[in-house]
Amino acid sequence: MTEDLSWGRRYLMCPPAHFDVSYAINPWMDVTVKVDRARAQRQWEALVRTLRDAGAEVETLAPHPELPDLVFTANLGLVDGDTFIAARMRHPERRDEPAHAEAWFREHGYSVRRLSEDVVQEGAGDGLPFDGTLIGGYRTRSSASSYVEIARLTDARILPVELVDERFYHVDIVFCPLDARCALLAPTKIDAESAQLLQQLVPDPILLTDEEAERFSANAVVVGRRVIMAACSPRLDSELRARGFTPVVVDVSEFLKAGGGPRCLTLALDVHLSERDMAQLADRYTAHNYHPLPVTVTHAEGCWVHDDRGRRHLDALSAYSALNFGHRHPRLVAAAQEQLGRVTLTSRAFSNDQLGPFARDLAALTAKDRVLPMNTGAEAVETAIKAARKWGHDVKGVAPGRATIIVCEGNFHGRTTTIVSFSDDPLARAGFGPFTPGFVSVPFGDAAALETALRTHGEDVVAFLVEPIQGEAGVIVPPDGYLRAARRLTRKHDVLLIADEIQSGLGRTGRTFACDHEDVVPDIYVLGKALGGGIVALSAIAADDHVLGVFSPGTHGSTFGGNPLACAVGRCVLELLASGEPQSNAARQGAALRAALEAATPAALSAIRARGLWFGLDLHAGHGSARDACERLLAAGVLAKDTHEQTIRLAPPLTISDAETDWLIERLLQTLAAGEPLRLAQPSQPSSFAA
């Protein structure tokens, strides 16, 4: 079986509210034949359901009473990534349709390009990509010269195909890409040279008979391995199934009265025409400070993402817990959209109407007097360090330049120069010195070592900075009682306890904060990632007046910290957490996942560490590296990430459902038991959003 099409999972469609045959611009149209509009609506809705059942997403374009053929969205233009190239229609009856579509594309973040007035090109109806080449139909509707412009606008390779039968006036009636090797082709409906070139391009063409072509069999929509078509002869059914495809016949008889089938009714939105690979572009133009898995995500919802090849994956990393509420949670997106329409940034030179309510709600969640908002997690850690040092100087009376902060071995608090100064990761430090002094490192989870350091460094110690669970180190959970001991010792020695809950906090571990598992309240909470809902960068520290009171105007700040857009999203995040459902679901789903792993006892696993929906899975050396395992999981439809050579990290969204957890467990166990990548069927997509 070859790879699926790299496009065809997202479509734009227009309801047939005004569809009619009121003029004749192709041989199929007969103004004396009445359209049953109610039946057309039912057929259209059935097609939408069929597409969604196959795993496609469908967006809707509003109909227009004066544009009856707007229902045939394939002709509105060509999509190239985030660019919409508007069509230029040959017939005046349809010339206003592209302008109507342009408004939708602009509203949805696309840039719009237009062809010159001396060419005609009728969108994706005459332009279908196959293996990096745009198959461009011309003569009956589009002009050959239009593809010179399209090649310039997109950098796409073009194979012009001359259409020779007026009844087959668009290329999408004679040609249909099926996968990376196979396509449907009606060879008698194009000129002989074009047919020869197409058969040279397509390694495994399925040649249609004239009868099959006349039933619009090539005007099909392909979603994965499903071919949704107007008609399928027994011979064609056999040919498709032999290649691993499942034909799905839908009734579009009302639309055939206007010469349009399933493909005509859909405009693919996930097409990249240009000869460029997004991952290659990123590799070429960004610094090589990451080594991502070989997947390029183009859109996402809930627990699921789609890549640029049309494959669906369950996101079991959640952007290192930044996506605790899943991708594009509807309430978070609504909050962001509402605020985008009002004001996004004022700087802290002025007040905005979102900062106060956000700070109030976060202070309530943490049971602290005040918060100080920033943007990234590293900024929040830096803010906590500055607060601790200033508190040590102003409140504790530590001499200038003597303030000492105790940290833990194996820590990860960010990558700024100050933070890597107390990292013990050689990769994070090499070549970045000189480093910031004032830090002492002790073993994580060792309360006795902490007590010794507190005694040794005496009154100069201002804080103990600790991750309640070390994430980057491999989801290292400390011994029971460690945080309680740290709280007792820091109080005894008049030292601030700073809990970096950037990854562990906000529901990830099944409680609001990881510290809650030991009923510990730190002096400073450091929060980030999920606080911005996976939409904006938002971080903060929360503490009482005697700590945050050390800051005065000019001593610390951020232009974007506390901006109204981030605060509006953050307020909605806090509302979701206030319900307690994300926390309880994390505990419930995490327990199910752990129980399944422990019951299965995969031979590949040497250790399972978990709290809530946060897992570190250690692999035996003989079963390959964690990177290899994550690549196998990727092939099975699961996004996870390796750390420290032999550990797989898992952190699915807290909104994951029972069915999705079961699906994840099945793929995990099968992948851990296998030595080669799995090629499993793509799952259906249940809702990921908690009420």
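Residues numbered from 1 in each chain as written. Predicted model: local features only at pLDDT ≥ 70, side-chain atom pairs only at ≥ 80, totals over all residues. Heavy atoms only, no water.

Some details on the overall build of the chain
Along its length, the chain carries 21 helices and 30 strands. Against the globule reference of 26 Å for 691 residues, the chain gives a C-alpha radius of gyration of 30 Å, in line with a compact fold. A principal-axis box enclosing the C-alpha atoms of the chain has dimensions of 95 × 60 × 45 Å. Going through the 691 residues of the chain one by one, you find that 58% of them count as buried. (Helix = DSSP H or I, 4+ residues; strand = E, 2+ residues; numbered from the N terminus. Rg over C-alpha atoms; globule rule 2.2 N^0.38 Å. Buried < 20%, exposed > 50% of the residue type's maximum accessible area, 1.4 Å probe, protein only.)

Some points on a negative patch on the surface
Residues Glu409, Asp424, Asp425 and Asp446 make up a contiguous surface patch of negative charge. Structurally, Asp425 can be placed in the loop between α13 (417-420) and α14 (426-429). Residue Asp425 is classed as partly exposed on the basis of its relative accessible area, which comes to 33%. (Patch = residues over 30% accessible without salt bridge, like charges linked within 9 Å, V, L, I, M, F, W, Y side chains within 5 Å. Areas by Shrake-Rupley, 256 points an atom, 1.4 Å probe, with all protein chains shown as cover. Salt bridge = Lys/Arg side-chain N within 4 Å of Asp/Glu carboxyl O. Lys, Arg positive; Asp, Glu negative; His and termini not counted. Charge placed at Lys NZ, Arg CZ, Asp CG, Glu CD.)

Digging into the pairing of strand β18 (residues 312-315)
Of the two faces of β18, the one holding Arg312 and Leu314 and the one holding His313 and Asp315 are both buried throughout. With three bridges connecting them, strand β17 (residues 304-307) and β18 associate as antiparallel partners. Of the residues in β18, the one forming a bridge with Trp304 is Leu314. Sheet topology places β18 next to strand β28 (residues 638-639); two bridges connect them, and they run parallel. Among the inter-strand pairings, Leu314 is bridged to a residue of β28, identified as Val638. (Pairing = 2+ DSSP bridges.)

Some details on unusual backbone geometry
Excluding glycine, a negative phi dihedral is what most residues carry, and trans is how most peptide bonds are arranged. In this structure, Pro434 follows Gly433 across a cis peptide bond, with omega equal to 5 degrees. Summarising the element assignment, Pro434 is placed in the loop between α14 and β21 (439-442). You will see that Ala319, though not glycine, has its phi angle at about 50 degrees, which is positive. Relative accessible area serves as the criterion here: at 33%, Ala319 is assigned to the partly exposed category. One non-glycine residue, Val475, lies in positive phi territory at about 60 degrees. Mapped onto the secondary structure, Val475 falls in the loop between β22 (461-466) and α16 (482-492).

Considering the packing of helix α19 (residues 581-600) against helix α21 (residues 658-673)
Direction vectors running N to C along α19 and α21 enclose 30 degrees, while the axes themselves pass 10 Å from each other. In terms of orientation, α19 and α21 fall into the roughly parallel class. You can see that α19 and α21 cross each other, and the crossing is right-handed. Here Gln589, Ala592, Leu593, Ala596, Leu597 and Ala600 of α19 come into contact with α21, specifically with Asp658, Thr661, Leu664, Ile665, Leu668, Leu669 and Leu672. (Axes fitted to C-alpha atoms, helices over the stretch in contact; angles between N-to-C directions. Parallel < 35°, antiparallel > 145°, perpendicular 65-115°, else oblique. Left-handed = near helix turned anticlockwise from the far one by under 90°. Contact = heavy atoms within 4.5 Å.)

Focus: helix α11 (residues 355-366)
Its 12 residues place the ends of α11 16 Å apart at the C-alpha level, agreeing with the 16 Å of an ideal helix rising 1.5 Å per residue. What α11 keeps buried is the set Leu355, Pro357, Phe358, Leu362, Ala363 and Thr366. Its buried side turned inward, α11 meets β19 (370-374), β24 (524-527), β25 (539-543) and α18 (564-578). (Expected span 1.5 Å × (residues − 1).)

Digging into the packing of aromatic side chains
When we look at a pair of aromatic rings, we describe it by the centre distance and by the angle of the planes. Within this structure, the stated rule accounts for 14 aromatic pairs. On the basis of an interplanar angle of 80 degrees and a centroid distance of 4.9 Å, the ring pair of Trp104 and Phe105 is categorised as edge-to-face. For the pair formed by Trp104 and Phe105, the shared burial category is buried. Centre to centre, the rings of Phe130 and Phe175 are 6.3 Å apart; their planes meet at 75 degrees, and the pair counts as edge-to-face. Taken as a pair, Phe130 in strand β6 (residues 127-130) and Phe175 in strand β9 (residues 175-177) lie far apart in primary sequence, 45 residues in all. Feature note: the residues Phe84, Trp104, Phe105 and Tyr110 constitute an aromatic cluster, connected by ring pairs. (Phe/Tyr/Trp six-rings, centres within 6.5 Å; stacked < 30°, edge-to-face > 60°.)

Comments concerning the packing of α11 against α18
In the contact formed by α11 and α18, the axes pass within 9 Å of each other and the chain directions differ by 30 degrees. Between α11 and α18, the angle is such that the two are roughly parallel. In terms of crossing hand, the pair formed by α11 and α18 is left-handed. Taken together, the residues of α18 that come into contact with α11 (itself represented by Leu355, Pro357, Phe358, Arg360, Asp361, Leu362 and Leu365) are Cys567, Gly570, Arg571, Leu574 and Leu577. The residue makeup of the contact of α11 with α18, split by class, is eight nonpolar, one polar and three charged. (Nonpolar A, V, L, I, M, F, W, Y, C, P; charged D, E, K, R; others polar.)

Here we look at the sheet that holds strand β12 (residues 221-223)
In space, the three strands of this open sheet follow the order β12-β13-β14, with mixed pairing throughout. Each edge of the sheet is formed by a strand with only one pairing partner; in this case those strands are β12 and β14 (246-249). Geometrically, the sheet is characterised by an average inter-axis angle of 25 degrees between neighbouring strands, direction not taken into account. Looking at chain direction, strand β13 (residues 226-229) and β14 are connected through four bridges and run parallel. Its bridge partner lying in β14, Arg226 is registered against Thr246. The sheet contacts of helix α1 (residues 37-53) involve β12, β13 and β14, and relative to β13 the element is tilted by about 175 degrees. Helix α6 (residues 234-242) contacts β13 and β14 of the sheet and is inclined by roughly 140 degrees relative to β14.

Topic: the pattern of salt bridges
Under the criterion given, the structure shown has 43 salt bridges. In this structure, Arg225 engages Asp4 in a salt bridge whose closest nitrogen and oxygen atoms are separated by 3.1 Å. With Arg225 in the loop between β12 and β13 and Asp4 in the segment before β1 (10-13), the pair connects residues that are 221 residues apart, well separated along the chain. Taking relative accessible area as the criterion, Asp4 reaches 25% and is therefore assigned partly exposed. Residue Arg455 pairs with Glu451 through a salt bridge whose shortest N-O separation is 3.0 Å. Pair noted here: Arg455 and Glu451 are both in helix α15 (residues 447-457), with a separation of four residues, about one helical turn. What makes Arg455 exposed here is its relative accessible area of 56%. Here the residues in one salt-bridge network are Asp165, Arg167, Lys189, Asp210 and Glu214, joined through shared partners.

Things to note about the sheet that holds β17
Where strands meet in a sheet, backbone hydrogen bonds hold them as pairs that are either parallel or antiparallel. An order of β16-β17-β18-β28 is seen for the four strands of this open sheet, with the pairing classed as mixed. Two strands close off the open sheet at either side, each with one partner strand: β16 (297-301) and β28.

Comments concerning the confidence of the model for the chain
Predicted confidence across the chain gives a mean pLDDT of 94, with 96% of residues reaching 70 or more. Confidence drops under pLDDT 50 across residues 676-691; counting only partners more than four residues distant or on other chains, this segment forms 47 contacts. (pLDDT = per-residue confidence, 0-100.)

Re the environment of Phe412
Its location among the elements puts Phe412 in the loop between β20 (404-408) and α13. Given a relative accessible area of 24%, Phe412 falls into the partly exposed group. C-alpha of Phe412 to C-alpha of Pro434: the two residues are 22 residues apart in sequence and 19 Å apart in space.

Concerning the nonpolar core
Of all hydrophobic cores here, the largest spans 96 residues; its most connected members are Phe105, Phe175, Leu178 and Leu240. It is α1 that provides the largest number of residues to this core, a total of five residues. (Core = buried A, V, L, I, M, F, W, Y, C linked by side-chain atoms within 4.5 Å.)

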